[in-house]
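Spelled out from the first residue to the last, the chains are:
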Amino acid sequence: SSGVMSSAEEKDQKGSVSDETTETTETFTYTRKGKQGKYRREKPWDHDGIKHWEIQSYTEEDAKGNCLIQESKFSTLFPKYREQYLREFWPHVTRELAKYHIRCELDMVEGSMTVATTRKTWDPFMIIKARDLIKLLARSVPFQQAIKILQDEMACDIIKIGTLVRNKERFVKRRQRLIGPNGATLKAIEILTECYVLVQGNTVACMGAHKGLKQARKVVLDCMNNIHPVYNIKTMMIKRELAKRPELAEESWDRYLPKFKKSNKKRKKKKIVKKERSHFPPEQLPRKEDMQVQSGQYFLNPTKRSKTSSSSKK
(Lines give C-alpha, C1' and ligand atoms only; values in the text may rest on other atoms or scores of the structure.)
Protein backbone atom coordinates (compact mmCIF):
# COMPACT_ATOMS: atom_id res chain seq x y z
CA SER A 1 0.00 0.00 0.00
CA SER A 2 1.01 3.62 -0.53
CA GLY A 3 0.64 4.47 3.26
CA VAL A 4 3.21 1.92 4.36
CA MET A 5 6.85 2.92 3.91
CA SER A 6 9.14 0.31 2.47
CA SER A 7 12.19 -0.92 4.38
CA ALA A 8 14.50 0.29 1.63
CA GLU A 9 13.21 3.87 1.95
CA GLU A 10 13.68 3.75 5.75
CA LYS A 11 17.28 2.62 5.30
CA ASP A 12 17.90 5.45 2.84
CA GLN A 13 16.54 8.03 5.32
CA LYS A 14 18.61 6.61 8.19
CA GLY A 15 21.70 6.70 6.05
CA SER A 16 21.12 10.34 5.12
CA VAL A 17 20.67 11.29 8.82
CA SER A 18 23.84 9.51 9.80
CA ASP A 19 25.70 11.31 6.99
CA GLU A 20 24.46 14.67 8.29
CA THR A 21 25.58 13.89 11.86
CA THR A 22 29.03 12.89 10.71
CA GLU A 23 29.33 16.07 8.69
CA THR A 24 28.33 18.25 11.66
CA THR A 25 30.63 16.47 14.10
CA GLU A 26 33.57 16.74 11.71
CA THR A 27 33.35 20.55 11.75
CA PHE A 28 34.11 20.65 15.53
CA THR A 29 37.28 19.48 17.21
CA TYR A 30 37.10 17.96 20.67
CA THR A 31 39.30 19.39 23.38
CA ARG A 32 39.22 16.12 25.36
CA LYS A 33 39.05 12.50 24.31
CA GLY A 34 36.53 10.00 25.60
CA LYS A 35 33.16 10.57 27.22
CA GLN A 36 34.19 13.82 28.94
CA GLY A 37 35.05 15.52 25.62
CA LYS A 38 31.98 14.36 23.77
CA TYR A 39 30.02 17.57 24.23
CA ARG A 40 32.98 19.96 24.54
CA ARG A 41 33.40 22.36 21.65
CA GLU A 42 35.87 25.10 20.86
CA LYS A 43 34.99 28.56 22.14
CA PRO A 44 36.18 31.13 19.59
CA TRP A 45 35.03 34.01 21.84
CA ASP A 46 37.32 32.82 24.68
CA HIS A 47 41.06 33.18 24.10
CA ASP A 48 44.27 33.58 26.12
CA GLY A 49 44.26 37.36 25.73
CA ILE A 50 41.22 37.74 28.01
CA LYS A 51 42.11 38.45 31.67
CA HIS A 52 39.32 36.71 33.54
CA TRP A 53 40.47 37.76 37.03
CA GLU A 54 41.21 41.38 36.23
CA ILE A 55 39.33 43.83 38.48
CA GLN A 56 37.63 46.32 36.18
CA SER A 57 37.15 49.88 37.39
CA TYR A 58 33.60 51.07 38.04
CA THR A 59 33.04 54.81 37.63
CA GLU A 60 30.09 57.13 38.01
CA GLU A 61 29.65 57.16 34.22
CA ASP A 62 29.19 53.37 34.21
CA ALA A 63 26.34 53.69 36.69
CA LYS A 64 24.44 56.00 34.26
CA GLY A 65 22.30 57.59 36.92
CA ASN A 66 21.23 54.31 38.56
CA CYS A 67 20.65 54.78 42.29
CA LEU A 68 20.07 52.38 45.17
CA ILE A 69 16.48 51.59 46.12
CA GLN A 70 17.00 50.88 49.84
CA GLU A 71 19.38 52.21 52.48
CA SER A 72 22.24 50.01 53.73
CA LYS A 73 23.79 50.82 57.09
CA PHE A 74 26.72 49.40 59.09
CA SER A 75 27.97 50.43 62.53
CA THR A 76 30.84 49.33 64.76
CA LEU A 77 32.00 50.15 68.29
CA PHE A 78 35.43 51.54 69.11
CA PRO A 79 37.50 51.51 72.34
CA LYS A 80 37.67 54.54 74.58
CA TYR A 81 41.37 55.24 73.90
CA ARG A 82 40.53 55.92 70.22
CA GLU A 83 38.09 58.77 70.97
CA GLN A 84 40.59 61.62 70.69
CA TYR A 85 42.17 60.27 67.49
CA LEU A 86 38.82 59.68 65.78
CA ARG A 87 37.50 63.10 66.78
CA GLU A 88 40.59 64.67 65.22
CA PHE A 89 40.47 62.73 61.92
CA TRP A 90 36.70 62.38 61.46
CA PRO A 91 36.42 65.44 59.13
CA HIS A 92 38.92 63.73 56.78
CA VAL A 93 36.87 60.50 56.87
CA THR A 94 33.69 62.46 56.05
CA ARG A 95 35.41 64.23 53.14
CA GLU A 96 36.70 60.96 51.61
CA LEU A 97 33.36 59.14 51.89
CA ALA A 98 31.47 62.14 50.51
CA LYS A 99 33.16 61.53 47.14
CA TYR A 100 31.10 58.32 46.90
CA HIS A 101 27.98 59.92 48.45
CA ILE A 102 28.17 57.82 51.63
CA ARG A 103 26.99 59.29 54.92
CA CYS A 104 28.99 58.68 58.12
CA GLU A 105 28.32 59.47 61.79
CA LEU A 106 30.49 59.46 64.91
CA ASP A 107 28.64 58.90 68.20
CA MET A 108 30.83 59.72 71.19
CA VAL A 109 28.11 58.95 73.76
CA GLU A 110 27.50 55.42 72.51
CA GLY A 111 31.09 54.98 71.27
CA SER A 112 30.18 53.88 67.74
CA MET A 113 30.81 54.74 64.08
CA THR A 114 28.09 54.40 61.44
CA VAL A 115 28.18 54.47 57.63
CA ALA A 116 25.10 54.44 55.38
CA THR A 117 24.18 54.85 51.71
CA THR A 118 22.22 57.82 50.36
CA ARG A 119 20.01 58.48 47.33
CA LYS A 120 23.03 59.64 45.32
CA THR A 121 25.25 56.58 46.03
CA TRP A 122 26.24 55.16 42.62
CA ASP A 123 28.67 52.38 43.66
CA PRO A 124 26.82 49.60 45.53
CA PHE A 125 30.02 47.91 46.77
CA MET A 126 31.44 51.09 48.29
CA ILE A 127 29.30 50.64 51.42
CA ILE A 128 31.21 47.38 52.10
CA LYS A 129 34.48 49.28 51.69
CA ALA A 130 33.23 51.97 54.09
CA ARG A 131 32.33 49.27 56.62
CA ASP A 132 35.88 47.88 56.41
CA LEU A 133 37.23 51.43 56.84
CA ILE A 134 35.48 52.01 60.18
CA LYS A 135 36.50 48.53 61.35
CA LEU A 136 40.16 49.29 60.65
CA LEU A 137 39.93 52.67 62.38
CA ALA A 138 38.44 50.96 65.44
CA ARG A 139 41.39 48.52 65.51
CA SER A 140 43.98 51.35 65.77
CA VAL A 141 44.99 51.42 62.08
CA PRO A 142 46.16 54.98 61.18
CA PHE A 143 43.85 57.00 58.93
CA GLN A 144 46.51 57.39 56.19
CA GLN A 145 46.73 53.60 55.90
CA ALA A 146 43.06 52.75 56.50
CA ILE A 147 41.81 55.08 53.73
CA LYS A 148 43.60 52.87 51.15
CA ILE A 149 40.87 50.26 51.65
CA LEU A 150 38.63 52.33 49.36
CA GLN A 151 40.81 51.31 46.41
CA ASP A 152 39.54 48.44 44.24
CA GLU A 153 42.59 46.19 44.55
CA MET A 154 42.78 46.48 48.37
CA ALA A 155 41.07 44.13 50.82
CA CYS A 156 41.32 43.66 54.57
CA ASP A 157 41.15 40.85 57.11
CA ILE A 158 40.81 41.26 60.87
CA ILE A 159 42.05 38.06 62.56
CA LYS A 160 40.79 37.40 66.11
CA ILE A 161 43.52 35.75 68.20
CA GLY A 162 42.19 36.37 71.72
CA THR A 163 40.44 33.00 72.10
CA LEU A 164 43.13 30.82 70.48
CA VAL A 165 45.31 30.53 73.61
CA ARG A 166 43.79 30.10 77.07
CA ASN A 167 46.79 30.92 79.21
CA LYS A 168 47.34 34.68 79.36
CA GLU A 169 51.13 34.54 79.78
CA ARG A 170 51.47 32.08 76.90
CA PHE A 171 49.24 34.29 74.74
CA VAL A 172 51.42 37.37 75.37
CA LYS A 173 54.61 35.40 74.55
CA ARG A 174 53.23 34.07 71.25
CA ARG A 175 51.89 37.47 70.26
CA GLN A 176 55.33 38.99 70.95
CA ARG A 177 56.88 36.16 68.92
CA LEU A 178 54.75 37.29 65.97
CA ILE A 179 56.14 40.84 66.27
CA GLY A 180 59.74 39.74 66.84
CA PRO A 181 62.71 41.73 68.18
CA ASN A 182 62.25 45.39 67.20
CA GLY A 183 59.39 44.34 64.89
CA ALA A 184 61.74 42.38 62.58
CA THR A 185 59.46 39.33 62.16
CA LEU A 186 56.42 41.50 61.43
CA LYS A 187 58.41 43.48 58.85
CA ALA A 188 59.48 40.24 57.11
CA ILE A 189 55.84 39.07 56.94
CA GLU A 190 54.80 42.42 55.44
CA ILE A 191 57.52 42.24 52.75
CA LEU A 192 56.79 38.64 51.72
CA THR A 193 52.98 38.90 51.75
CA GLU A 194 52.94 42.52 50.44
CA CYS A 195 50.37 43.36 53.11
CA TYR A 196 50.13 45.86 55.94
CA VAL A 197 49.96 43.97 59.28
CA LEU A 198 49.15 45.55 62.65
CA VAL A 199 49.03 43.59 65.92
CA GLN A 200 46.77 45.33 68.42
CA GLY A 201 45.29 43.73 71.54
CA ASN A 202 43.34 40.58 70.72
CA THR A 203 43.26 41.15 66.94
CA VAL A 204 45.62 41.33 63.97
CA ALA A 205 44.56 43.72 61.16
CA CYS A 206 45.86 42.96 57.65
CA MET A 207 45.48 44.99 54.44
CA GLY A 208 46.50 43.98 50.93
CA ALA A 209 45.65 41.67 48.04
CA HIS A 210 43.61 38.51 48.64
CA LYS A 211 46.57 36.21 47.98
CA GLY A 212 48.74 38.02 50.54
CA LEU A 213 45.93 38.10 53.11
CA LYS A 214 45.60 34.31 52.87
CA GLN A 215 49.33 33.88 53.55
CA ALA A 216 49.30 36.38 56.43
CA ARG A 217 46.33 34.64 58.08
CA LYS A 218 48.13 31.29 57.92
CA VAL A 219 51.28 32.74 59.53
CA VAL A 220 49.29 34.39 62.34
CA LEU A 221 47.17 31.32 63.15
CA ASP A 222 50.21 29.01 63.05
CA CYS A 223 52.09 31.33 65.40
CA MET A 224 49.23 31.23 67.92
CA ASN A 225 49.22 27.40 67.57
CA ASN A 226 52.89 27.27 68.66
CA ILE A 227 54.48 27.12 65.18
CA HIS A 228 57.21 29.75 64.91
CA PRO A 229 56.74 32.35 62.11
CA VAL A 230 60.31 31.74 60.91
CA TYR A 231 59.25 28.39 59.37
CA ASN A 232 56.50 30.00 57.30
CA ILE A 233 58.77 32.92 56.36
CA LYS A 234 61.43 30.52 55.09
CA THR A 235 58.83 28.62 53.00
CA MET A 236 57.48 31.85 51.49
CA MET A 237 61.00 33.01 50.58
CA ILE A 238 61.67 29.75 48.72
CA LYS A 239 58.32 29.94 46.90
CA ARG A 240 59.08 33.50 45.88
CA GLU A 241 62.35 32.44 44.26
CA LEU A 242 60.78 29.40 42.58
CA ALA A 243 58.05 31.58 41.05
CA LYS A 244 60.73 33.48 39.11
CA ARG A 245 61.69 30.30 37.21
CA PRO A 246 59.23 29.66 34.33
CA GLU A 247 60.45 26.08 33.76
CA LEU A 248 59.05 25.09 37.19
CA ALA A 249 55.57 26.50 36.53
CA GLU A 250 54.00 23.09 35.86
CA GLU A 251 56.10 21.05 38.32
CA SER A 252 55.54 20.22 41.96
CA TRP A 253 57.58 22.29 44.40
CA ASP A 254 57.44 19.82 47.28
CA ARG A 255 61.03 18.68 46.80
CA TYR A 256 62.30 22.27 47.17
CA LEU A 257 60.23 23.21 50.20
CA PRO A 258 61.63 22.47 53.68
CA LYS A 259 59.90 19.88 55.82
CA PHE A 260 59.92 20.68 59.49
CA LYS A 261 59.24 17.92 61.97
CA LYS A 262 58.06 18.44 65.49
CA SER A 263 60.69 17.20 67.91
CA ASN A 264 59.07 16.80 71.29
CA LYS A 265 61.88 15.58 73.51
CA LYS A 266 60.59 13.66 76.48
CA ARG A 267 62.01 15.10 79.66
CA LYS A 268 62.93 12.73 82.44
CA LYS A 269 60.57 13.12 85.29
CA LYS A 270 62.25 13.36 88.66
CA LYS A 271 60.97 10.80 91.08
CA ILE A 272 59.63 12.49 94.17
CA VAL A 273 60.50 10.47 97.27
CA LYS A 274 57.94 10.97 99.96
CA LYS A 275 59.37 11.29 103.44
CA GLU A 276 57.75 9.27 106.14
CA ARG A 277 56.00 11.49 108.57
CA SER A 278 56.16 10.57 112.27
CA HIS A 279 53.55 11.58 114.76
CA PHE A 280 56.20 12.16 117.46
CA PRO A 281 58.30 15.32 117.86
CA PRO A 282 62.01 15.19 116.76
CA GLU A 283 64.65 14.01 119.20
CA GLN A 284 66.26 16.61 121.44
CA LEU A 285 69.81 17.65 120.52
CA PRO A 286 72.50 16.68 123.14
CA ARG A 287 73.91 19.35 125.44
CA LYS A 288 77.58 20.30 125.71
CA GLU A 289 77.94 18.46 129.04
CA ASP A 290 76.41 15.28 127.55
CA MET A 291 78.92 15.39 124.69
CA GLN A 292 81.80 15.80 127.20
CA VAL A 293 80.54 12.82 129.22
CA GLN A 294 80.48 10.67 126.07
CA SER A 295 84.05 11.68 125.12
CA GLY A 296 85.36 11.41 128.72
CA GLN A 297 86.49 15.04 129.00
CA TYR A 298 83.98 15.76 131.70
CA PHE A 299 85.89 13.67 134.27
CA LEU A 300 89.30 15.30 133.64
CA ASN A 301 90.78 18.25 135.51
CA PRO A 302 89.96 21.72 134.15
CA THR A 303 93.57 22.25 132.97
CA LYS A 304 93.74 18.88 131.16
CA ARG A 305 90.28 19.48 129.78
CA SER A 306 91.35 22.81 128.24
CA LYS A 307 94.49 21.17 126.74
CA THR A 308 92.52 18.35 125.13
CA SER A 309 89.96 20.79 123.75
CA SER A 310 92.69 22.99 122.24
CA SER A 311 94.47 19.99 120.72
CA SER A 312 91.23 18.70 119.22
CA LYS A 313 90.63 22.11 117.63
CA LYS A 314 94.07 22.05 116.03
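Higher on the page you've got the structure.
Owing to the predicted nature of the structure, the values given are computational and were not obtained by experimental measurement. Along each chain, numbering runs from 1 in the same order as the chain's sequence is written. Confidence filtering applies because this is a predicted model: local features only for residues at pLDDT of at least 70, side-chain atom pairs given and counted only at 80 or more, and all residues used for totals across whole chains, interfaces and linings. Side-chain numbers here rest on the full set of heavy atoms in the structure, without hydrogens or water.

Colleague: Lay out the overall build of the chain in plain terms, naming residues and giving numbers.
Modeller: Assigned secondary structure in the chain consists of eleven helices and six strands. Counting all 314 residues of the chain, 26% fall into the buried class. Residue contacts are counted whenever heavy atoms from the two residues lie within 4.5 Å of one another. A sequence separation of at least 24 residues applies to 57% of the contacts in the chain between residues at least 6 apart. The accessible surface values rely on the Shrake-Rupley method and a 1.4 Å probe; as for residues, cover is taken only from the protein chains in view. Roughly 25200 Å² of accessible area belongs to the chain as shown, and the carbon and sulfur atoms make up 52% of that amount. Only DSSP runs of H or I covering at least 4 residues are called helices, and only runs of E covering at least 2 are called strands; the numbering of each starts at the N terminus. We call a residue buried when its accessible area falls under 20% of the maximum for its residue type, exposed when it is over 50%, and partly exposed in between, using a 1.4 Å probe and counting protein chains only.

Colleague: Give me the lowdown on the nonpolar core, citing residues and values where you can.
Modeller: Throughout, nonpolar core names a set of buried Ala, Val, Leu, Ile, Met, Phe, Trp, Tyr and Cys residues whose side chains join them through atoms within 4.5 Å. Leu 97, Met 113, Val 115, Leu 133 and Leu 137 are the most contacted members of the largest nonpolar core, which has 28 residues in total. Looking at this core, the elements that each hand over two or more residues are helix 3 (83-98), strand 2 (102-107), strand 3 (112-117), helix 4 (126-138), helix 5 (143-146) and strand 6 (203-208). At eight residues, the largest contribution of residues to this core is made by helix 4. Ignoring any residue separated from it by four or fewer positions in sequence, one finds Leu 133 in contact with Val 93, Leu 97, Ala 146, Ile 147 and Ile 149.

Colleague: Please provide a residue-by-residue account of the packing of aromatic side chains, values included.
Modeller: A pair of Phe, Tyr and Trp rings is counted when the ring centres sit within 6.5 Å of each other, with Trp represented by its six-membered ring. The angle between the planes then sorts it: under 30 degrees is stacked, over 60 is edge-to-face, the rest tilted. This structure, assessed with the given rule, holds five aromatic pairs. Ring centres 6.2 Å apart and planes at 40° place the aromatic pair Tyr 100 and Trp 122 in the tilted group. Residue Tyr 100 is located in the loop between helix 3 and strand 2, and its partner Trp 122 is located in the loop between strand 3 and helix 4; the two are separated by 22 residues in the primary sequence. Assessed through its relative accessible area of 21%, Tyr 100 is described here as partly exposed. Any Lys NZ or Arg CZ that is within 6 Å of a ring centre and within 35 degrees of that ring's normal is treated as a charge sitting over the ring. Positioned over the ring face of Phe 74 is Arg 131, at 5.4 Å from the centre of the ring.

Colleague: Mind laying out unusual backbone geometry, listing which residues take part and the relevant values?
Modeller: A positive phi angle is found at Ser 140, which is not glycine, with a value near 70°. Assessed through its relative accessible area of 15%, Ser 140 is described here as buried.

Colleague: Which residues make up the packing of helix 6 (residues 168-179) against helix 8 (residues 210-224), and what values do they have?
Modeller: Think of each axis as a best-fit line through the C-alpha atoms, taken over the contacting stretch in the case of a helix, with angles from 0 to 180 degrees between the N-to-C directions. Taken N-terminus to C-terminus, the directions of helix 6 and helix 8 make an angle of 145°; their axes are 9 Å apart at the nearest point. Where helix 6 crosses over helix 8, the two elements pack in a sense that is right-handed. On helix 8, the residues that touch Phe 171, Arg 174, Arg 175, Arg 177 and Leu 178 of helix 6 are Val 219, Val 220, Cys 223 and Met 224. Classes in brief: Ala, Val, Leu, Ile, Met, Phe, Trp, Tyr, Cys and Pro nonpolar; Asp, Glu, Lys and Arg charged; the others, Gly included, polar. Each residue belonging to the contact of helix 6 with helix 8 can be placed in one class, and the counts come to six nonpolar, no polar and three charged. Crossings are sorted by hand: turned counterclockwise from the far helix by less than a right angle, the near helix makes the crossing left-handed, and turned clockwise it makes it right-handed.

Colleague: Report on the pattern of salt bridges, specifying residues and quantitative values.
Modeller: A carboxyl oxygen of Asp or Glu within 4 Å of a side-chain nitrogen of Lys or Arg is what we treat as a salt bridge. In the structure shown here, the tally under the stated rule is ten salt bridges. Of the charged contacts, one joins Glu 251 and Arg 255 as a salt bridge, the two residues approaching to 2.8 Å between their closest N and O atoms. The shortest N-O distance in the salt bridge between Arg 287 and Asp 290 comes to 3.3 Å. On the basis of relative accessible area, Arg 287 is assigned to the exposed category, the value being 52%.

Colleague: Can you explain the side chain of Glu 190? Please cite residues and give values.
Modeller: Position of Glu 190 relative to the elements: it lies in helix 7 (residues 184-193). Think of it this way: Lys and Arg go in the positive column, Asp and Glu in the negative one, and His and the chain ends go nowhere. One buried charged residue, Glu 190, forms no salt bridge at all, with the nearest opposite charge on Lys 187 at 4.2 Å. What Glu 190 contacts, discounting residues up to four positions off in sequence, is Cys 195, Tyr 196 and Val 197.

Colleague: I'd like a description of helix 8, backed by residues and values.
Modeller: The span one expects for a helix is its residue count, reduced by one, times 1.5 Å. The first and last C-alpha atoms of helix 8 sit 21 Å apart over 15 residues, in line with the 21 Å expected at 1.5 Å per residue. All of the buried residues along helix 8 are Gly 212, Leu 213, Ala 216, Val 219, Val 220, Asp 222, Cys 223 and Met 224. Elements in contact with the buried residues of helix 8: strand 4 (155-160), helix 6, helix 7, strand 6 and helix 9 (229-242). Of the residues one or two after helix 8, Asn 226 is the one with positive phi, at around 70°.

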